[in-house]
Amino acid sequence: MGSDEHETDCNVVLSEVYLYLDLECSEDRRRLIQKHLDDCSGCLREFGIEHDVKALVGRCCGDERAPSELRDRLRSKLDQLEVQSETREFLP
């Protein structure tokens, strides 16, 4: 899994594998990670393990949901962060 052989560093790909699995990254980022996984057998092996663990957790805990109060608080915080981020983009 040498990062010198690939356009994207293996450590970066593996650190973002859950974002990739959860579809929580941009489409461009997903394509980049998928390309790396297609080209890197070491990361693909590691990804397979991560994928299996995520599938197991999903089967065991799939029916559990966060309380609605927690989900509402998280949405509110994320909305605030999004507004702050958008505002900073326009500052000189």
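These numbers come from a predicted model, not from an experiment.

**Some words on the packing of aromatic side chains**
Counted according to the given criterion, the structure contains 0 aromatic pairs. The ring of Tyr20 is capped by Arg30, whose NZ or CZ atom sits 4.2 Å from the centre of that ring.

**Describing the environment of Asp9**
Following the sequence through the fold, Asp9 ends up in the segment before α1 (10–15). Residue Asp9 is classed as partly exposed on the basis of its relative accessible area of 28%. A C-alpha to C-alpha distance of 9.9 Å links Asp9 and Ile33, two positions 24 residues apart in sequence. Separated by 2.7 Å, the side chain of Asp9 and the backbone nitrogen of Asn11 make a polar contact.

**Structural notes on a nonpolar patch on the surface**
Taken together, Tyr18, Ile49, Val53 and Val57 make up a surface patch of nonpolar side chains, about 350 Å² in accessible area. With 3 residues, helix α4 (residues 41–61) is the single largest residue contributor to the nonpolar patch. In this structure, Ile49 sits in helix α4.

**A closer look at the nonpolar core**
Residues Cys10, Val13, Val17, Tyr20, Leu21, Ile33, Leu37, Cys40, Cys43 and Phe47 constitute the largest nonpolar core, which totals 10 residues. Mapped onto this core, the elements with two or more residues apiece are α1, α2 (17–21), α3 (27–39) and α4. Ranked by the residues each element gives to this core, the list is headed by α2, at 3 residues. Non-local contacts of Val13, meaning those with residues more than four positions away in its chain, are made with Thr8, Ile33, His36 and Leu37.

**A closer look at the confidence of the model for the protein**
This prediction gives the protein a mean pLDDT of 77; 77% of its residues lie at or above 70. Here helix α5 (residues 68–89) stands out as the least confident element of the protein, with mean pLDDT 75; α3 is the most confident, with 88.

**Considering the packing of α3 against α4**
In contact at an axis separation of 6 Å, α3 and α4 are set at 110 degrees when each is read in the N-to-C sense. By the angle between their directions, the pair α3 and α4 is classed as roughly perpendicular. From α3, His36, Leu37 and Asp39 reach across to α4, where they touch Ser41, Cys43, Leu44 and Phe47.

The rules we used
- Within each chain, residue numbers correspond to sequence positions counted from 1 in written order.
- Reporting of local features is limited, given that this is a predicted model, to residues whose pLDDT is at least 70; pairs of side-chain atoms are given and counted only at 80 or more, and all residues count toward the totals for whole chains, interfaces and linings.
- Here the side-chain values reflect all heavy atoms present in the structure, with hydrogen atoms and water set aside.
- A pair of aromatic rings is counted whenever rings of Phe, Tyr or Trp (Trp by its six-membered ring) have centres within 6.5 Å, and the orientation is called stacked for planes under 30 degrees apart, edge-to-face for over 60 and tilted otherwise.
- Criterion for a charge above a ring: Lys NZ or Arg CZ within 6 Å of the ring centre, and within 35 degrees of the ring normal.
- Helix and strand definitions here come from DSSP, where helices need a minimum of 4 consecutive H or I residues and strands a minimum of 2 consecutive E residues; each element is numbered from the N-terminal end.
- A simple rule labels every residue: compare its accessible area, found with a 1.4 Å probe on the protein chains alone, to the largest value its type can have, and call it buried under 20%, exposed over 50%, or partly exposed in between.
- Within 3.5 Å is the distance limit for a polar contact, defined as a pair of N or O atoms, with the added protein rule that one can donate a hydrogen and the other accept it, and that residues adjacent in sequence qualify only through two side-chain atoms.
- Two joining distances apply to patches: 9 Å for like charges and 5 Å for nonpolar side chains (Val, Leu, Ile, Met, Phe, Trp, Tyr), and every residue must have over 30% relative accessible area and no salt bridge.
- All accessible areas in this document rest on Shrake-Rupley with a 1.4 Å probe, and a residue is counted as covered only by the protein chains that are shown.
- We define a salt bridge as a contact between a side-chain nitrogen of Lys or Arg and a carboxyl oxygen of Asp or Glu at a distance within 4 Å.
- What we call a nonpolar core is a set of buried Ala, Val, Leu, Ile, Met, Phe, Trp, Tyr and Cys residues that are connected through their side-chain atoms within 4.5 Å.
- We call two residues contacting when some pair of their heavy atoms lies within 4.5 Å.
- pLDDT is a residue-level measure of predictor confidence that goes from 0 to 100.
- To get an axis, fit a line to the C-alpha atoms, keeping to the stretch in contact for a helix; angles then go from 0 to 180 degrees between the N-to-C directions.
- Roughly parallel means an angle under 35 degrees; roughly antiparallel means over 145; roughly perpendicular covers 65 to 115; every other angle is labelled oblique.

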